[in-house]
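# Structural description and commentary
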Amino acid sequence: MRISLKWLQELVDVAISPEELAETLTMAGFEVEEIEDRRPWASGVVLGKIIACEQHPNADKLRVCQVDVGSSEALNIVCGAPNARADIYVPVAVVGTYLSTIDLKIKPAKLRGVPSEGMICSLAELGLSKESAGIHIFELENPELGSDIRPLLGLDDVILDLTATANRADALSMVGVAREVAALTGASLRIPQANGVVIEGKESPGLAVEISEPQGCPIYIGTAIEGVKIAASPAWLQQRLQAAGVRPINNVVDVTNYILLEWGQPLHAFDRDRLQSFTGTQDISIGVRFAKTGESFKTLDGQNRNLQAQNLLITASDKPVALAGVMGGEDTEVHEGTQNLVLEAAIFDQATIRRSARAQGLRSEASIRYERGVNQAALTTACNRAVALILELAGGTATVQKTASSGEDLSFSRWLELRLDRVNLVLGQLKRGATGGSKYLEPEEVKNILTALGCEVVPTEKERVWNVTVPPYRYRDLEREIDLIEEVARLHGYDNFCDTLPSKTEPGYLSPEYAAIRNVRSAFRAAGLTELMHYSLVKTEGDNQVVLANPLFVEYSALRTEMLSGLIDAFQYNLEQGNGALNGFEVGRIFWKDGDAMKEADAVAGIIGGDPTVWKWQQGGRDRPLSWFEAKGILESAFQELGLSVEYQSDSSNTRLHPGRTAALSLNGKHLGVFGQLHPQLQQEKDLPEQVYVFQLDLAVLLGELGRSNHLTRKFAGYSSFPASDRDIAFFAPVEVPVVDMQSAMKKAAGSLLDSVELFDEYRGDNVPAGQRSLAFRLVYRAGDRTLSETDVEPAQQKVRDVLVEKFGVSLRS
């Protein structure tokens, strides 16, 4: 919020410099982002009067002006402004003046042969506007020529651009900032009051106020004002609005904006005659309700808005006339011909206004304050002050004032217990320096700080304990004892407390679970996969999705139930952007609904579709599609890095994967996940390469296995110095028999001498019986204490043959 120091000084005595004030506010939690000192903008510019204006003899667009600036002789100034004429009061930059906003120093000059002894200024040249059609003309009576023009234009001011935290809604007003400055500096405070406001009490025109949504609007005040005259606001009001970054419109609208800045209370003025015309009735019934399906109306910004169910509306005879707490309607706005008003002052629920503004994609100065919470206790004061200012500046008579309330307790009083020992325990020791005194805050110091904030501090029967009554304007902010402690620290000064560290510190460490996750990531990166990251929010597709109640966008309206879709889309996007095939993985969380229960789990998923080799010159620069076994090998290398032995079983349950090239993965008998090739139909729909493979694993199962004692620390295993003896075995086996089952049976049958068993050939085709395939395995035998002989190996090899025939019905070929 932009704070005018000149305005602030009317509310509180500020005796320190703007820089010191900015530092004080910043240290108290109100960051001052910028100090805009306007005083140098027009230093040396004085008030002058054009006493004569003639056409320049050598230029059609220039005039030669004689300007009286209160000195003994008039100044001869050449001016190019089209509105220059005699008998007007203007700002004059005399010789030697430096105009900082346009970086120009005024010097004596000759323009087309005519001497010029200064410059008549426009508002743009004085920094008050971006563009000006001509010089600025003052409307003054009996002015003092030669006087400083800065007080006339509000340029004797300093603007502080202040940012308040979200919990300090009271700081979005001049009164709130004045209270804070008074508490920080000990200065006296002057709160503006609305005195002399008289409501005539007429019953005509009829005005009624009715609230059908008391939760969204606990209190609403409507005031009818007759006989106003719309005109431009006086200069002082326009200058204060402009200093705050608000564009002046007319006296009535400017008053509502002025009260918004002064008290932080949004107001809105309706044209009563337009309300009557819009509703078709002389008796106006103001209501507050939520929008109905299909309703729409045009806001002040000229946009026709389709309303949603979460939009809270102000209605007249049940017809929408304003978006409550956000923006008024164009059909009932105050205009040049307005004579009668209905002034709205209300309190709206924070969450309701936030949802309503977000639903329309519309934020205003009013909605920003309602979203944070306005001071309910000041509603009547702000309303009456607005009425008084309208009557003063626009004339008229306040005839009727009606109030509707939800009936809730609106006293906004709260008391909290504060313990001095707790204050000192939380805040610690003070930097007392050479002055001595207690190392901790004394009771009188704490009491003085809270009293300066407007709190009432009363001792209790307990020693060093007070009952603190919170002022109404801090009702939303001070809710607990710790909030009061924060206020004590803030006003005493955070920099006045000692910097202390814990007496004992411990080095940081990774939890076993997080360390295991790091190892998983590292293993997949080492296998050549790029780590990816996607949003957990996706479109709504499927019955078991967890759907958001208030999504920002349709594309992000539900939580993902699996991770493969995002990876497939990323693969397709990279191809379309010319980045080539993507080999990547992602560690993330998935969510789903199981009946009425919502569940979540962590998973690891990946996609493999790029040629892992770089020897493309062997294929004429073309990519070679990966085989199923090559893709499996990449996954296997990651498992090998983690020290895991994963088993593969044929699986065809996933409809998005190739039914004959999909495997269900298991780890020590627990289901781990799935790995397989994308279904050809999906591959064609997405226009992907011939063979793309995906996997999704249950991270909890992975971490559970990695957390076992035998995986926590890698141990050295002794190796044999004796040579190995290998044997090959080939046979016809039924297609449906998994290789992993045969490998497991061979290891069990061969016993401890078998070092490894590996499939090195598979063939289907000619000379192979129908429904079968030819498989060839290499079995490596080794002992740690001797060289194996034929008598050692042959019995074990025979057991392998026997178990294959008996258990799987194979036909041996060797």
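Each remark here, short or long, concerns the structure printed above.
This write-up is about the structure you can find in this document. Computed from a predicted model, the values in this text were never measured in an experiment.

### A look at the sheet that holds strand 6 (residues 88-94)
Strands belonging to one sheet form pairs held by backbone hydrogen bonds; the direction of such a pair is parallel or antiparallel. Judged by pairing direction, the sheet is antiparallel, and its five strands sit side by side in the order 5-4-3-6-11 without closing on themselves. Single-partner strands in this sheet number two, and they are strand 5 (75-79) and strand 11 (118-120). Across the sheet, the mean angle separating the axes of adjacent strands is 45 degrees when strand polarity is ignored. In the sheet, strand 3 (residues 45-55) pairs with strand 4 (residues 63-68) via six bridges, with the strands oriented antiparallel. Across the sheet, residue Ile-50 finds its bridge partner in strand 4, namely Val-67.

### Here's the deal with the sheet that holds strand 16 (residues 284-290)
As summarised here, the arrangement of the five strands in space is 13-16-19-20-21, forming an open sheet in which the pairing is mixed. Each having just a single partner strand, strand 13 (207-211) and strand 21 (327-328) make up the two edges of the open sheet. As judged from the five bridges shared by strand 16 and strand 19 (residues 312-316), these two strands associate in the antiparallel manner. Paired with Ile-286 across the bridge in strand 19 is Ala-316. Sheet strands touched by helix 7 (residues 272-279): strand 16, strand 19 and strand 20 (319-323). Its angle to strand 20, the strand with the most contacts, is close to 140 degrees.

### Details of the packing of helix 12 (residues 443-452) against helix 13 (residues 481-492)
Packing of helix 12 against helix 13 brings their axes to within 10 Å, and their N-to-C directions diverge by 95 degrees. By the angle between their axes, helix 12 is roughly perpendicular relative to helix 13. Contact with helix 12, carried on its side by Glu-445, Val-446, Ile-449 and Leu-450, involves Leu-484, Glu-487, Val-488, Leu-491 and His-492 of helix 13 and no other residues of that element. Its residues placed into classes, the contact of helix 12 with helix 13 shows six nonpolar, one polar and two charged.

### Description of the layout of surface pockets
For the largest pocket, the calculated volume is near 1,400 Å³. Every residue lining the largest pocket is counted, 40 residues in all, and those nearest its centre are Trp-628, Phe-629, Lys-632, Tyr-648 and Val-739. Elements that contribute at least two residues to the lining of the largest pocket include exactly helix 16 (628-642), strand 32 (647-650), strand 33 (657-667), helix 20 (739-750) and strand 37 (754-763). No other element matches the seven residues that strand 37 contributes to the lining of the largest pocket. Across the lining of the largest pocket, the residue classes tally to 17 nonpolar, 12 polar and 11 charged. One number sums up the size of the second largest pocket: a volume of about 1,000 Å³.

### Observations regarding the packing of aromatic side chains
Inspection of the entire model under this criterion finds 11 aromatic pairs. Measuring from centroid to centroid gives 4.8 Å for Trp-7 and Tyr-258, while their planes differ by 10 degrees, and the two rings are stacked. With a gap of 251 residues between them, Trp-7 in helix 1 (residues 5-11) and Tyr-258 in helix 6 (residues 251-263) connect regions that are remote in the sequence. Taken together, a centroid distance of 5.7 Å and an interplanar angle of 85 degrees make the contact between Trp-236 and Tyr-258 edge-to-face. Of the two residues, Trp-236 is situated in helix 5 (residues 235-243) and Tyr-258 in helix 6; the sequence distance between them amounts to 22 residues. A relative accessible area of 34% means that Trp-236 is categorised as partly exposed. Ring pairs connect the aromatic residues Trp-628, Phe-629, Phe-675 and Tyr-693, which therefore count as one cluster. Over the aromatic face of Tyr-473 sits the side chain of Arg-179, whose NZ or CZ is 3.7 Å from the ring centroid. Of note, Arg-414 hangs over the ring of Tyr-475, and the distance from its end group to the ring centre comes to 4.1 Å.

Rules used throughout
- Residues numbered from 1 in each chain as written.
- Predicted model: local features only at pLDDT ≥ 70, side-chain atom pairs only at ≥ 80, totals over all residues.
- Heavy atoms only, no water.
- Pairing = 2+ DSSP bridges.
- Helix = DSSP H or I, 4+ residues; strand = E, 2+ residues; numbered from the N terminus.
- Axes fitted to C-alpha atoms, helices over the stretch in contact; angles between N-to-C directions.
- Contact = heavy atoms within 4.5 Å.
- Parallel < 35°, antiparallel > 145°, perpendicular 65-115°, else oblique.
- Nonpolar A, V, L, I, M, F, W, Y, C, P; charged D, E, K, R; others polar.
- 1 Å grid on protein atoms, 1.4 Å probe; cavity = no way out; pocket = protein on both sides within 12 Å on 5 of 7 lines; lining within 4 Å.
- Points joined across faces, edges and corners; volume = space filled by probe spheres on them.
- Phe/Tyr/Trp six-rings, centres within 6.5 Å; stacked < 30°, edge-to-face > 60°.
- Buried < 20%, exposed > 50% of the residue type's maximum accessible area, 1.4 Å probe, protein only.
- Lys NZ or Arg CZ within 6 Å of the ring centre and 35° of its normal.

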